[in-house]
Amino acid sequence: MSARPVTVLIAILLLCVSVPLSVRGAMTQTYRHYLSGKDFSDGVEWEFMCSSGRNSNKWTRISVPSCWETQGFGRYFYGWEEPAENKETGFYRYTFHAAKSWRGCNVRIVFEGSMTDTSVSINGCSAGDVNEGGFYRFSYDVTDMLNYGNENTLEVTVRKTPSNTSVYQAERQTDFWLFGGIYRPVYLEIKPENHIESLAVDARADGTLSVRPFVSTSANSVIDYRVETLGGEVLSVVRDASPGDTTRFVVEQVAPWSHETPVLYRLVAELKVGGRLSHRITEKIGFRTFEVRPGDGLYLNGKRVIFKGVNRHCFRSESGRTLSREVSLMDAELIKEMNMNAVRMSHYPPDVDFLEICDSIGLLVIDELCGWQKKYDTPTARRLVKSLVERDRNHPSVVMWANGNEGGWNREVDADYDMYDLQRRFVIHPWERFNGTDTKHYPDYNYVVNSAIYDRDIFFPTEFMHGVFDGGSASSLADFWEAMMKHQAPGGGFLWALIDEGLVRMDMNDSIDCRYDLAPDGILGPHREKEGSFYAVRDIWSPVRIGGYTATGDSRFSVKVENNFTFTDLESCEFKCSVYDISMDSSGGFKQERIYDTTFSTPSIKPGERRVVDLKLPAGTLSGDMLQIDVTDPTGRQVYRYTRPLTDDVLQDDLRAMWCQSAVDVSEDSLCLYVAQACGCFVFDKSTGRLARVARAGGALSLSGYPSVATGSNRCVELLHYRDGDSYIVKPVFDDSQWMQWVFSPDMPPRVDYSFSVNGEVDYIGVGFDYPEDKILSMQWVGNGPYRVWKNRREGVDYGVHAKSYNNTVTGESWDYPEFKGYHSDCRG
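Residues numbered from 1 in each chain as written. Predicted model: local features only at pLDDT ≥ 70, side-chain atom pairs only at ≥ 80, totals over all residues. Heavy atoms only, no water.

Caption draft 1: Geometry of the overall build of the protein chain. The secondary structure content of the protein chain amounts to nine helices and 53 strands. With respect to the principal axes defined by its C-alpha atoms, the protein chain has extents near 110 × 65 × 55 Å. Looking at the 829 residues of the protein chain, the share that counts as buried comes to 54%. In the protein chain, the proportion of contacts linking residues at least 24 apart, taken out of those at least 6 apart, comes to 65%. Of the roughly 34,800 Å² of accessible surface on the protein chain, 47% is carried by carbon and sulfur atoms. The distance from the centre of the 89 positive side-chain charges to the centre of the 114 negative ones in the protein chain is 4 Å. (Helix = DSSP H or I, 4+ residues; strand = E, 2+ residues; numbered from the N terminus. Buried < 20%, exposed > 50% of the residue type's maximum accessible area, 1.4 Å probe, protein only. Contact = heavy atoms within 4.5 Å. Areas by Shrake-Rupley, 256 points an atom, 1.4 Å probe, with all protein chains shown as cover. Lys, Arg positive; Asp, Glu negative; His and termini not counted. Charge placed at Lys NZ, Arg CZ, Asp CG, Glu CD.)

Below is the structure:
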């Protein structure tokens, strides 16, 4: 190669000034003219007619881009419910103006996505072959079809069900909602006649940069390359590179891109023909090196990286597959908030916006060709692999390609990815043990344990912890994760799935339809509501762990701090320590007040290290009731919260003198214990030993039912009552191993003491009271919350004062979180 790298120290670069498009021949940059809106929020109305279903066989108008079902047309289908003989078709018309200044340029019409078989004509002439494949960008050269300076008529016919059997099986016989329509943007792409079609880039962590251009002409042409920061500082220049060759050079002192430090640069390529600038394009790039080391693991920039990931569909309840940059950003930020570092594009490539956001905020991406359990035929697969790779190959966030899913792999095109990808990214077959990787879906615990002992293939299930089958995506995650990290070649994994894909059905009074429990059940609700698993995942996958609390005197304590980041030293994170007092207010409710806080930095704790951090607090602060430590990463994102009680008798002083025993009345069938300040009595049924009711002058309390143990027969043999010093004891005698008693003491609230033994496995253990559900308005407590826990999902809750209003949420079917019903741990008041 004849290209010579030039390092620019001080230079004034004559950047091309944007020239008005009305000046013919002055265009040197690509211009994009939108015919549709850019997303669901700014759609452009086109003429439209649907052939069948709702609002069919009449010309009307529709917003583009959109899925026509969400606009009131056609029929809804979920996955395999759509019959192959379905002929539902959408007809579109749109009139647009082609500027005179475009004459002499190259003009293409580009569709970012259309479902599914799409034919296009301009001014009555076909633009090309029918496009097959609903998840991919496609385009037609329409340079010679336009009436420049005049109006032009665009006609598009979209058949929802593809005629190609393999496309139908790969894309439509699936486990997700199906749609029809032009659901992603449509635009004209105008370039100079002599232009750069695209670039293929390989930017390595050491600054080595390889660029392969694809140009419309190479005659009498050269290309200049320039690498600069996003702020415009020029780092390196290469002049007069051959447009027919791959150019390689080194850019000095670049910061590597990673999910923790997503540093981006700008690559500028300028095509010169006959010594004059013809076309300039720019690409945002990141310098990073991703390796798959057989029998060892995955490495980013020389450091082992573990996928902490989730599967994501492009989905919005009101608009189906038609999204916006704001929705994509919301999803990416929520993924990062869960301390995840990776996302798998199941089961098709996403909107370009999402990949750009992953580049910017730092997420590792597995980009996937569609093929849900059935594969495309080889000619179709080859065409779609080319479309996928050429669109997405320069994103630093994309670290792997997935060739189909769960049997939808066309093995004949595995090598095709390298034809278009200069980086030669690794190709996987999700669910299959393939090419030194084991990506088995939904492995049970025994499989994980055995794999950790015996296997050498890199282990990272591309789907596991199913949101439906596992009762919430974080249930058992801690146990599975501990076993997975013992593997000889750990790679991490991807939870199923990010959101509940409940669709707002216009034909069902705008209610949300999850197709029973078929539609993906995610960590987030259909409007991105956070369920308990969200916080549990965030806790389990936190890059910072705190534990080993040790108090040393009245004003000092120490904790063990562990760094699970890949690249970040904890000295660059911020730690905030707070001490709270918990007490009762005048209405009898709980309150939590901060009595001290301080911000501190730890000494250097490098990734993989653990150190004891000793903190000094003012005298007396450890006599508070609760300790809290919040950790934020260098970007300001909170990654961890550590809470713990500092005392076991948080509320004893506040509760004293609220109750006092005054008299006892025993009849043939019941026992009444009168309490003075409660203005009533506790009535116990002698035959069952259970609390029958609580009577008082102002009306009976609805509380009833002696605390019944979840295990055991609960059959009462005898109800004992006696004094024990100043206290009065009510004690039922049962015919099994359980033991319980009420204790009424002066200046103290009633107390229930109990113990029991359990043999074998049980679903749950504990005690309970009866209370009418229709009388419950809210609850407040001191303990872990606000979310409920399971025995296999205890993470994601904080100790403190919590309150929530009553709701009857069924996770995955209704979305008022946190759920009111459930179990809470470490309750102390």
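Still more to cover.
Caption draft 2: Just the sheet that holds strand E22 (residues 297-300), in detail. An order of E21-E22-E23 is seen for the three strands of this open sheet, with the pairing classed as antiparallel. Two strands lie at the open edges of the sheet, namely strand E21 (290-293) and strand E23 (303-304), each paired on one side alone. Judged from the four bridges that link them, E21 and E22 form a sheet pairing that is antiparallel. In the strand pairing of E22, Phe-290 is matched with Leu-300. (Pairing = 2+ DSSP bridges.)

Caption draft 3: Focus on a nonpolar patch on the surface. Where nonpolar side chains cluster on the molecular surface, the patch consists of Trp-80, Tyr-516 and Leu-518 and spans about 340 Å² of accessible area. Topologically, Leu-518 is positioned in the loop between strand E34 (511-513) and helix H8 (532-540). (Patch = residues over 30% accessible without salt bridge, like charges linked within 9 Å, V, L, I, M, F, W, Y side chains within 5 Å. Salt bridge = Lys/Arg side-chain N within 4 Å of Asp/Glu carboxyl O.)

Caption draft 4: Region of interest: the sheet that holds strand E15 (residues 208-215). Read across the sheet, three strands follow the order E14-E15-E18 without closing on themselves; strand pairing throughout is antiparallel. Strands at the two margins of the open sheet, each flanked by one partner only, are strand E14 (196-203) and strand E18 (247-250). The average undirected angle you get between the axes of adjacent strands in this sheet is 20°. Across four bridges, E15 lies against E18 in antiparallel orientation. The residue of E18 that forms the bridge with Thr-208 is Val-250. (Axes fitted to C-alpha atoms, helices over the stretch in contact; angles between N-to-C directions.)

Caption draft 5: Local environment of helix H2 (residues 325-337). The end-to-end C-alpha distance of H2, which contains 13 residues, comes to 18 Å, matching closely the 18 Å that a straight helix rising 1.5 Å per residue would cover. Burial in H2 covers these residues: Val-327, Ser-328, Asp-331, Ala-332, Leu-334, Ile-335 and Lys-336. Tucked into the core, H2 has its buried residues touching strand E24 (307-311), strand E25 (342-344), helix H3 (352-361) and H8. Remark: Asn-339 follows H2 within two positions and exhibits a positive phi of approximately 65°. (Expected span 1.5 Å × (residues − 1).)

Caption draft 6: Seen up close, the pattern of salt bridges. Applying the stated criterion across every chain yields a total of 50 salt bridges. We note a salt bridge from Glu-82 to Arg-172, for which the minimum N-O separation is 2.8 Å. Taken together, the residues Glu-82 in the loop between strand E5 (77-78) and strand E6 (89-97) and Arg-172 in the loop between helix H1 (165-171) and strand E12 (177-178) connect sequence positions 90 residues apart. Note on Glu-82: relative accessible area 0%, which makes it buried.

Caption draft 7: Summary view of unusual backbone geometry. Going from Ser-346 to His-347, the amide bond is cis rather than trans, its omega being -10°. Tracing the backbone through its elements, the reader meets His-347 in the loop between E25 and H3. With an omega of 0°, the peptide bond running from Gly-785 to Pro-786 counts as cis. Along the chain, Pro-786 turns up in the loop between strand E52 (778-785) and strand E53 (798-805).

Geometry only, nothing functional implied.
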